[in-house]
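Chain by chain, the residues run as shown.
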Amino acid sequence: MKAEYREEPCRSALNRVKGMGFSWSLNPYMGCAHRCTFCYVRAFERRADRPSDDRYGTSLRVKTNIADVLRAELARPSWKRELVAIGAATDPYQPAEATYRLTRACLAALARARNPLGIVTRAPLVARDLDLLQEAACRAEVSVSFSIPTLDETIWRATEPGTPHPRQRLKALASLVEGGIHAGVGMAPLLPGLSTDPAKVRDVVRAARDAGATFLWANTLYLRPGTREHFLEHLARDWPEQLPFYEQLYYGRAYLPREKTQAVKDVVARFRKRYDIADRRPHAIRPEPVAEPEQTSLGI
């Protein structure tokens, strides 16, 4: 499906975030050509009276001036160099990035400012920016999470129609780790009755270990209005036998009950321990943040 790109400047680059494991996010694009059926951003789009159905991802905003705006925000005396999450609301390495290179420009600004950053992506294009990630990691904490909930071809093709193959992501992961970057796998979202199958979970964890993942985490699907309707519509098309199960499982709720989520995470934890996912980067190639040189007074 061909996407329309709208080149529009932005007034701000950094977005304040609440209720997450980080306080600031950065999104060089709005909308995502990956068009994942389970994307939680669809819920935000619906709340903003924007399309959350199949039209989402067909019209993308390109924030052409975002790197300039970011540099100005990072230079403010009030900025405390807090962690910036890149890709919280749209993939920063979706196809548009190959042309516009806005994420790369923002990485350069963050590296220069010695600012911690974390990237979440489903695209191997991030490996293009290994040089900047290494530079940034010598100045502040850096991490890259590759979203890989499944290696099952049928599930991947049906639920992530616009994404590169998961095996390509694993190859990019390996190249980043070989380059010294703290990079791992986020198994999210895991889909009950589909990608939560222990054998499928095992396949991802084992592949992550083979690629050198320094960490691995997981989370389950949540269905807020906007995401819910779209996901269930596609579920009814691709796995009609699963629809009654999901309607019952998510009846009156957006999140799975705590015990069901924990049961899935326990399976992931068991395989993570079996395959011993850990940071094995040799110290010789591991970038370490170097303290910023102190300025001395001239004593005039």
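This text goes with the structure placed above it.
Cut-off values and rules
Residues numbered from 1 in each chain as written. Predicted model: local features only at pLDDT ≥ 70, side-chain atom pairs only at ≥ 80, totals over all residues. Heavy atoms only, no water. Salt bridge = Lys/Arg side-chain N within 4 Å of Asp/Glu carboxyl O. Buried < 20%, exposed > 50% of the residue type's maximum accessible area, 1.4 Å probe, protein only. Helix = DSSP H or I, 4+ residues; strand = E, 2+ residues; numbered from the N terminus. Core = buried A, V, L, I, M, F, W, Y, C linked by side-chain atoms within 4.5 Å. Contact = heavy atoms within 4.5 Å.

A. Representation of the pattern of salt bridges within the structure. Inspection of every chain in the model, using the stated rule, returns 19 salt bridges. Residue E135 is joined to R139 by a salt bridge in which the shortest nitrogen-to-oxygen separation is 3.6 Å. Judged by its relative accessible area of 31%, E135 is partly exposed. As a salt-bridge pair, D203 and R206 come within 3.2 Å of each other at their nearest N and O atoms. Here the residue D203 and the residue R206 both occupy positions in helix α8 (residues 198-210), the gap between them amounting to three residues, near one helical turn. Overall, D203 belongs to the partly exposed group, its relative accessible area being 27%. Each of the salt bridges in this network shares a partner with another, and the network as a whole consists of E97, R104, R128, D129 and D131.

B. Structural view of unusual backbone geometry. A cis amide bond, omega -5°, links A188 with the succeeding residue P189. Within the fold, P189 resides in strand β9 (residues 183-190). One non-glycine residue, R35, lies in the positive phi region at around 55°. Here R35 lies in the loop between β4 (29-30) and α1 (41-47).

C. Main features of the nonpolar core. Counting 64 residues, the largest nonpolar core has L26, L70, L133, V144, L173 and M187 as its most contacted members. Sequence-distant contacts of L70, defined by excluding residues within four places in its chain, comprise A13, L14, L26, C106, A109 and L110. Membership of the second largest hydrophobic core comes to 21 residues, among which are C32, C39, Y56 and L191.

D. View of the side chain of H230. Within the secondary structure, H230 sits in helix α9 (residues 227-238). With near-sequence residues (within four places) excluded, H230 lies in contact with T37, R42, S52, D53 and D54.

E. Quick look at helix α4 (residues 102-112). Taken across its 11 residues, α4 has nine buried, putting it largely inside the fold. For α4, the set of buried residues is L102, T103, R104, C106, L107, A108, A109, L110 and A111. R114, located one to two residues past α4, shows a positive phi value of around 55°.

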